[in-house]
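Coordinate inspection notes
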Amino acid sequence: MSAAVRPVIAPAGWSVALHLVLAGLLFVGLTLPQPEAPLEILPIDAMVVDQAVILAASRQRREVERRQAEARRREQVEAEARLEEAERVERAEAERLVEEQRRLELEQATQAKARADAEARRKAEQQAQAKAAAERKRATDDARLRAEREADLRARLAEEEQRTGAAFQGLKAQYIRAIQAHVEQRWFEPPGIGQGASCTVHVMQIPGGEVVGMRFGTCNGGEAMRRSIETAVRNASPLPPPPEPGLFEREIRLVFTPKEQKH
Amino acid sequence: MRRPWWLPLLLFTLAIPRADAQLTVQILRGMAESVPIAVVPLGWDAPGAAPYDVAATVEADLGRSGRFRPLPRGQMLELPHDAAGVDVADWRMLKVDYVVVGQLSPLPDGRFELRYELVQAATGERLLGATLPADRGALKLASHRVSDAIYERILGVRGAFSTRIAYVAVDGPASARGYRLVVADADGANERVAFESPQPILSPAWSPDGRSLAYVSFHSGLPAVYVQTLRTGERTRVSAYSGINGAPGFSPDGSQLALALSRRDGNVDIYVLTLASKELRRLTDDPAIDTEPAWTPDGRSIYFTSDRAGAPQVYRLGLGEGERPRRITFEGSYNARPRVSPDGRELAVVTLDRGAYRIAAVDAERGTLRVLTSGRLDESPSWAPNGADVIYATREGGRGVLAIVAADGRVQQRLAASAGEVREPAWSPFAR
């Protein structure tokens, strides 16, 4: 769209712009800058001052200089004082700091000590308590241990008793069986022993098993049975030894009850 | 920790047997098989050799019974002839329980005096001491009597060494069979033939006095029951009814004979014949076979075999009025030939035991049965008069022999028998 416009205005625009540029160049040429005049006042004017004025001025200048020195001095002193003060303040501050530090340290030390003391006391107390507890524990432990050991001993004794008892019974049964077999092997049971026949014989033996005596207790068997028993007992001497010496008995009761052979 | 002071005390008390724990030992059964005995050769205080070795016979008797174990003579340390000379310590050392000593002396009348003593080695006690006179021919019997006395003194049961046995011997080929009724001493020696026949002889039975035998003979062609007096040989036919005449058994008083007869009806039943009057009384009347009657010692009942239940079993019939047979045996499928023990408490029977016929003892009251023998074909049991043994027939090497078993089954022995087949032994009663 603009392209369509631009060709319309171009010839006129370019001419105007050229004119303007030429006019400008001309103007610049006419107005070129010239060198600038000095602005400073020359000191020739001062040559005209009188002596008094010079003196006054000199005094005034000295006064000023004195005042200035004074001021400088005062200023210096003040500075020095200020410095001093500053230094003092600084020192004081330092001292205060040190003091503070020391106080703090002291305080800390004190506190530490207190703490340490407390700790020590606590520890001591703890130890004491522990010791007491240990003491108490030891005491109860001892009691318990004693009780335990006693119980254990009792248990062992009971067991021992039972075991000994059982062993005793076992050995006794063994002894009885040994005697039984020993006598039965030597007993010729006479034929025709009546049913229900039974004879008790008290046999006296001495250590070593030798039969030193015998007597009949209740006996409902006949003479042949008595004789057979007598012979069996005599022939059974010496009787077998007990498996345990404590089982030895001087008197043994033999009960001859023939097993019923008839139905 | 220290042991409590009471510990050893306690252990000590444990070791002490309680007062009520006195050792009591039950002796249930004698295991000794036999009694060791020494029969010392008798002294002979006359010139020459002794006419008879009494000790040898006694030793043989006792040893054969199985209940004694005689000490061989060679082991004897001394040969005393009286109890005073018996050093019991020596005999005990030889493990001898009893010692028999004695002396044989000639008497002025030509007979002999047999003196013997029995000493118990354990105590030195003299248990027997006797003197018996005997002529030369009776020394053997006298020796058996010594054995009887020793047996009885030690075992409490009368010895049966002086008794006899009867049996039937069969010999010859089948075409020429010979049957003999033999009576011998209990040891099988001294055989005498009581009756001889080419026809079968069966079922010998002793009279209670031991003087007669009843038996069945076919010598007339038909079975008949005879009673024969042994000393005289006199023979009486007591039963020759038609049919079967068999299995005679004397009543305890000897006045009656129980028999198995078939008579006219052919049905075998039990009868009782009174010998003096010939009176016959029928006891059973059953279509089955009732046979082999045996009297109880009290004479009040008869045991017999009957197959009325289908197989032979033993029954008892009381002889009172109106009593009925009661079956006794129930164990096993076959129980026959009952023979009553002298005390009446047991029956010896033939039982079928695991395919074999064996001798068993049956409790007369309870009927329980105890097999005594172990043969294949054991037959014809007969009690020794002392009830200690049962003689029976068995087979050995294909031939019939006699054997003896103890009533408790512990001892068995074979009886020496002459050649030929031996059957149906019958043990005599004690001589009166």
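Reading the values: rules and limits
Residues numbered from 1 in each chain as written. Chains lettered and ligands numbered in written order. Predicted model: local features only at pLDDT ≥ 70, side-chain atom pairs only at ≥ 80, totals over all residues. Helix = DSSP H or I, 4+ residues; strand = E, 2+ residues; numbered from the N terminus. Buried ≥ 20, exposed ≤ 12 C-beta atoms within 10 Å, placed from the backbone. Contact = placed C-beta atoms within 7 Å. Pairing = 2+ DSSP bridges. Axes fitted to C-alpha atoms, helices over the stretch in contact; angles between N-to-C directions. pLDDT = per-residue confidence, 0-100. Domains from an automatic or database assignment. Nonpolar A, V, L, I, M, F, W, Y, C, P; charged D, E, K, R; others polar. Core = buried A, V, L, I, M, F, W, Y, C linked by C-beta atoms within 7 Å.

Below, the discussion takes up the overall build of chain B. Counting secondary structure elements, chain B contains four helices and 31 strands. Based on the C-alpha atoms only, the size of chain B along its principal axes is roughly 100 × 80 × 45 Å. With 432 residues in all, chain B has 44% of them scored as buried. Contacts in chain B between residues at least 24 apart in sequence constitute 42% of all its contacts with a sequence separation of at least 6.

A few words on the sheet that holds strand S25 (residues 356-363) of chain B. All names here are of chain B. Taken together, four strands build an open sheet; the order of strands is S23-S24-S25-S26 and the sheet is antiparallel. Each having just a single partner strand, strand S23 (335-340) and strand S26 (369-371) make up the two edges of the open sheet. Taking each pair of neighbouring strands and ignoring which way they run, the sheet shows an average axis angle of 30°. Looking at chain direction, strand S24 (residues 346-353) and S25 are connected through eight bridges and run antiparallel. Bridging across to S25, Asp 353 finds its partner in Ala 356.

On the secondary structure map, Thr 24 of chain B appears in strand S1 (residues 24-27). Overall, the presence of 13 C-beta atoms within 10 Å leaves Thr 24 of chain B in the partly exposed class. Taking the C-alpha atoms as reference, Thr 24 of chain B lies 32 Å from Asp 90 of chain B; in sequence the two are 66 residues apart. Apart from the residues within four sequence positions on either side, Thr 24 of chain B is in contact with Arg 253 and Val 255 of chain A.

The next thing to look at is unusual backbone geometry. Residues apart from glycine generally show negative phi values, whereas peptide bonds are mostly found in trans. Here the residue pair Ser 237 of chain A and Pro 238 of chain A is connected by a cis peptide bond, since its omega of 0° sits within 30 degrees of zero. At Glu 292 of chain B, a residue that is not glycine, the phi angle is positive and equals roughly 55°. Considering the arrangement of structural elements, one finds Glu 292 of chain B in strand S19 (residues 290-295). Positive phi, normally seen in glycine, also occurs at Arg 354 of chain B, with a value near 50°. Mapped onto the secondary structure, Arg 354 of chain B falls in the loop between S24 and S25. Residue class for Arg 354 of chain B comes out exposed when judged on the 7 C-beta atoms lying within 10 Å of it.

Residue and element names in this part refer to chain B. Per-residue confidence for chain B gives a mean pLDDT of 90; residues scoring 70 or more make up 94%. Low pLDDT (under 50) marks residues 9-21, which in the prediction has six contacts with non-local residues, meaning those over four places away or in another chain. Scored as a complex, the prediction yields pTM 0.70 and ipTM 0.73.

Let's shift gears to the domain arrangement of chain B. Residues and elements named next belong to chain B. Along its sequence, chain B is organised into domain 1 (35-155) and domain 2 (164-427). Computed from C-alpha coordinates alone, the two centres of domain 1 and domain 2 are separated by 36 Å. Contacts between the two partners involve four residues from domain 1 and, on the opposite side, four residues from domain 2. Its residues assigned to classes, the side of domain 1 that touches domain 2 comprises no nonpolar, one polar and three charged.

This part covers the pairing of strand S16 (residues 256-261) of chain B. Residue and element names in this part refer to chain B. In terms of burial, S16 is a largely internal element, six of the six residues being buried. In S16, alternate side chains face the same way, and those of Gln 256, Ala 258 and Ala 260 on one face and Leu 257, Leu 259 and Leu 261 on the other are all buried. With four bridges joining them, strand S15 (residues 245-250) and S16 adopt antiparallel strand pairing. Residue pairing across strands places Asn 245 opposite Leu 261, the latter belonging to S16. What sits between the antiparallel neighbours S15 and S16 is a turn of five residues, in which Gly 254 has the positive phi angle 80°. In this sheet, strand S17 (residues 269-274) lies alongside S16 in antiparallel orientation, the contact comprising six bridges.

Residue and element names in this part refer to chain B. Formed by 133 residues in total, the largest nonpolar core has its most connected members in Tyr 98, Val 99 and Val 100. In terms of residue count, the dominant contributor to this core is helix H4 (residues 139-155) (eight residues). Per-domain counts for this core show at least three residues from each of domain 1 (35-155) and domain 2 (164-427). For Tyr 98, the residues in contact, after removing those within four places along its chain, are Val 35, Ile 37, Leu 118, Val 119, Gln 120, Ala 121 and Ile 154.

Between chain B and chain A, the contact holds 39 residues from the first and 42 residues from the second. If you list the elements that add at least two residues to the side of chain B that touches chain A, you get helix H1 (6-15), S1 and H4 of chain B. Along the lines of polarity and charge, the residues of the side of chain B that touches chain A split into 21 nonpolar, ten polar and eight charged. Here four bridges tie strand S3 (residues 251-256) of chain A to S1 of chain B, and the two strands are oriented parallel to one another.

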